[in-house]
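Descriptive structure summary
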Amino acid sequence: MELRKSIETALKEHITGSFYGSGKIVTDSGRTYFVKSGPMSRKYSCEANGLIEIAASGTISVPEVIAVGENFIVTEFIQNSHPANDFFQELGRRLADIHRTASEHYGFREDNFIGDTPQPNIASHTEKYSWAEFYWNKRLLFQYRLAEQNGYATPDMKKRFLKLEKIADRIITDAGEKPALLHGDLWAGNYLCGPGNRPYLIDPAVYYGHREADLAMTKLFGGFGSDFYSAYMEKYPLCEGWEYRENIYILYHVLNHMNLFGRGYYSHAMSILSRYIS
């Protein structure tokens, strides 16, 4: 009841019918919203700030943030529907537009979350201007240290990780591009097909980084299709060598999934490490 009252206070309206804490709600005025709630956490305000950052780019639709509290976020409700034929082409073009939204340095104004894992974004002076340094320290090394704390980093993984560290700056390159606005967690569960076949992005883990990192995440679980990639590449072609670099960016998400869900992702992480070291 306390959560319901907090949301009603924020909306200045009563919620009608049953309330289960997360999902679609309807208010007395007939308005519909989407609520996500849980234990008290900064992740709700971080999600709101990520949605606002993407919205400010004017490149793709996101649900409007209506209210945010210590244990909830309320957004515009988007009715998800089955994509029509040109949906993925439009999504690819829109993502290319997002990635043309640039910053002068890497990171973001606040640390946020990737799923339930903290994601550090506050860059040191040198990390602000070095993608290789930022990505190694704030992404791969951070996740590896979590794996050590969780007991997943075997001696073999440590050996491979140390070898990767020695050559990481030869793999991780900005390809001469400025830091791009990234969704940060771009898997198939984080887009919607809204009214009029319009693409929407949800649940961001926003920061400014290299755009190859966003595209690599789309490959981890699939769900985007060839039309998406061809439309993206037509509008904003990737630089030479992206295929070689792709797995270094997938590694971050595989390590994160291992830290969140357990050893089932260990072999995948080890396989990626083996791609880059002898």
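Presented here is a report on the structure given in the accompanying data block. Quick caveat: nothing in here was measured; it's all calculated off a predicted structure. (Residues numbered from 1 in each chain as written. Predicted model: local features only at pLDDT ≥ 70, side-chain atom pairs only at ≥ 80, totals over all residues. Heavy atoms only, no water.)

**Brief notes about the overall build of the protein**
This is how it is decided: Here a strand is any run of E in DSSP of at least two residues, a helix any run of H or I of at least four, and the numbering for each starts at the N terminus. Throughout, the radius of gyration refers to the C-alpha atoms, and the reference size of a globule is 2.2 Å times the residue count to the power 0.38. Exposure categories follow from relative accessible area, calculated using a 1.4 Å probe and restricted to protein chains: below 20% of the type maximum is buried, above 50% is exposed, and the middle band is partly exposed. Contact between two residues is taken to exist if any of their heavy atoms lie within 4.5 Å; hydrogens are not considered. Per-residue accessibility takes into account occlusion by the displayed protein chains alone, with areas from the Shrake-Rupley method and a 1.4 Å probe. The charge count includes Lys and Arg as positive and Asp and Glu as negative, but it does not include His or the ends of the chains. In plain terms, the charge of a residue is placed at NZ if it is Lys, CZ if Arg, CG if Asp and CD if Glu.
Check the secondary structure of the protein and you find 10 helices and 10 strands. Taken over C-alpha atoms, the radius of gyration comes to 20 Å for the protein, in line with the 19 Å a tight globule of 278 residues would show. Projected onto its principal axes, the C-alpha positions of the protein cover 65 × 45 × 35 Å. In the protein, buried positions account for 51% of the 278 residues. Sequence separation of 24 or more characterises 67% of the internal contacts of the protein that already satisfy a separation of 6 or more. Taken as a whole, the protein presents about 13,100 Å² of accessible surface, with 50% of it coming from carbon and sulfur. Side-chain charges in the protein split into 30 positive and 33 negative, and the spacing between the mean points of these groups amounts to 4 Å.

**Considering the sheet that holds strand β2 (residues 32-37)**
Rules: Paired strands, in this sense, are two strands between which DSSP finds at least two bridges. Every angle, taken between N-to-C directions, lies between 0 and 180 degrees, and every axis is a line fitted to C-alpha atoms, over only the stretch in contact when it is a helix.
A sheet is described by the order of its strands in space; here 4 strands give the open sequence β1-β2-β4-β3, paired in antiparallel fashion. Here the strands that pair on one side only, and so sit at the sheet edges, are β1 (23-26) and β3 (65-69). If you compare each strand with its neighbour and ignore which way they point, the axes differ by 25 degrees on average. Sheet strands touched by helix α2 (residues 43-57): β2, β3 and β4 (72-76). Its angle to β3, the strand with the most contacts, is close to 155 degrees.

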